[in-house]
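A look at the structure
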Amino acid sequence: MNNILKFSVENFLSIKNKTVLNLLSSNEKNLSEHIVNLKDNINVNSLQFFIGKTAVGKSNILKAIYFLNFLIKIDADRRCNQEIPLLSFKGLENEPTSFEIMFNVNKSIFYYKLTLNKERILKEKLLYLKNVKMAKIFDREYIKEEDKYNYSYSIDFKDLKGLENKTLKNKLFLTSASQWSNNPKIRNVITFLNNSLIYNKDYFIDNKLYLFENINKACFKEELLKLLSLGNNNIDDIEVKKVNEKIIVNIIYPSFKINIDEESSGFINLFNLSILILNAIRDKKILIIDNLDNNLHIFLIKILINYILKQKIQSFISIDKLSTLNLDWLRKDEIIIVDKKDGNTNTKNLAEVKNIYKSINIEELIN
């Protein structure tokens, strides 16, 4: 299973200053079944909740994780001198935006850093864990005074040398490396950063298409019906067909059937979440759900959370109905408190807060 271990972002939407998410598990002893062991003593939580008052930036934290993935995915199609799409903190549009991510893929650990503005890439670095130390794959930095880039590579990746001539100022060296190098580590990195996330607010996701393509695969329909029955246990079946290039989804009840688009908003949300969750499980992706409790009953939210936990897929979830959460069935380090001060979004892991007991009302933490 592939996981994000650490993530940081600076100058993105409501995040002005560098905000760091340490997603490694703490030394907390309880609920060890929630932990995924990657190698040696490196453990990561399979579930991470983001809580906080309305409009403090919970959604923006999740967007930042997704946005790095988005930038890398669209990089290959960027033309010469085309502006890089960024979402800067208001008033800092001319300042650089930075992302850092440490992740595990195929039992190897990597670190990638990217600093950029709308015109060009300013810094780009890729490292990997070699024995017990982080070792360089490549390093790229723009020297403004000389109007040029400095590149450096480790001896194990000398085949990357020369690719700087194939890399435009507004494009990633990582993209060039993935296109011209056959090194398996480079391939693993670009595959992870391109395709590892699935996000419920991604406009490119087509849940009906995914359903159409997977409905007849082993156990897919059975698992989907199991999840949908949480919202309505009278469902008999689900029908999916393509009519004039349009995918039609009907929910079949004992005495009638109804188009999914005519169902209640809560049931439609459950339908979309169910497909998203199954997509993450089957394709081994990291799941990002913003506002899980949108139009869902508290009882149903708890069942969905337990279902996700059992699958051991890494998940990042923002939630407003804090009465759903308590420390009887969650670890402290699975909860990240999001706050805003002077317009800037900040985060703090609950494991870093002193004198937190199982009996505490989580709603009190954000008031």
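Above this text you will find the structure in question.
For the structure given in this document, a descriptive report is provided here. Everything numeric in this text was worked out from a predicted model, so none of it was measured.

Observations concerning the environment of Phe 192
By the element assignment, Phe 192 lies in helix α3 (residues 184-195). Given the relative accessible area of 3%, Phe 192 is considered buried. Sequence separation between Phe 192 and Ile 286 is 94 residues, and the spatial gap between their C-alpha atoms is 10.0 Å. For Phe 192, the contacting residues outside a window of four places in its chain are Asn 2, Asn 3, Ile 4, Asn 69, Ile 101, Phe 103, Asn 104, Val 105 and Ile 286.

Digging into the pairing of strand β9 (residues 133-143)
Judged from the eight bridges that link them, strand β8 (residues 121-130) and β9 form a sheet pairing that is antiparallel. Note that in β9 the partner of Glu 124 across the bridge is Arg 140. Count of turn residues in the β8/β9 antiparallel hairpin: two residues, of which Asn 131 carries a positive phi of about 60°. Pairing between β9 and strand β10 (residues 148-153): six bridges, direction antiparallel.

Some details on the sheet that holds strand β1 (residues 3-10)
Reading across the sheet, the seven strands line up as β2-β1-β6-β7-β8-β9-β10 and stay open at both edges, with antiparallel pairing between neighbours. Whereas interior strands pair on both sides, the edge strands pair on one side only; in this sheet they are β2 (19-22) and β10. Going from strand to strand, the sheet's axes swing by 10° on average, the running direction of each strand aside. The strands that α3 touches are β1, β6 (97-105), β7 (108-116), β8 and β9; relative to β6, the one it contacts most, it runs at about 115°.

Observations concerning the packing of aromatic side chains
In total, this model carries 20 aromatic pairs according to the counting rule given. Look at Phe 12 and Phe 99: their rings are 6.1 Å apart centre to centre, the planes differ by 65°, and that puts the pair in the edge-to-face class. One end of the pair, Phe 12, is in the loop between β1 and β2; the other, Phe 99, is in strand β6, with 87 residues separating them in the sequence. The buried category is assigned to Phe 12, whose relative accessible area is 1%. Judged by centre distance (5.2 Å) and plane angle (55°), the ring pair of Tyr 151 and Phe 173 falls under tilted.

Quick word on the environment of Phe 49
Looking at the secondary structure, you find Phe 49 in strand β5 (residues 47-51). Phe 49 sits in the buried class, given a relative accessible area of 0%. When the C-alpha positions of Phe 49 and Ile 335 are compared, they lie 4.8 Å apart, and in sequence the two are 286 residues distant. Among all residues touching Phe 49, those that are not within four sequence positions of it are Ile 305, Ile 317, Ile 319, Leu 325, Leu 330, Glu 334, Ile 335 and Ile 336.

The rules behind these values
- Residues numbered from 1 in each chain as written.
- Predicted model: local features only at pLDDT ≥ 70, side-chain atom pairs only at ≥ 80, totals over all residues.
- Heavy atoms only, no water.
- Helix = DSSP H or I, 4+ residues; strand = E, 2+ residues; numbered from the N terminus.
- Buried < 20%, exposed > 50% of the residue type's maximum accessible area, 1.4 Å probe, protein only.
- Contact = heavy atoms within 4.5 Å.
- Pairing = 2+ DSSP bridges.
- Axes fitted to C-alpha atoms, helices over the stretch in contact; angles between N-to-C directions.
- Phe/Tyr/Trp six-rings, centres within 6.5 Å; stacked < 30°, edge-to-face > 60°.

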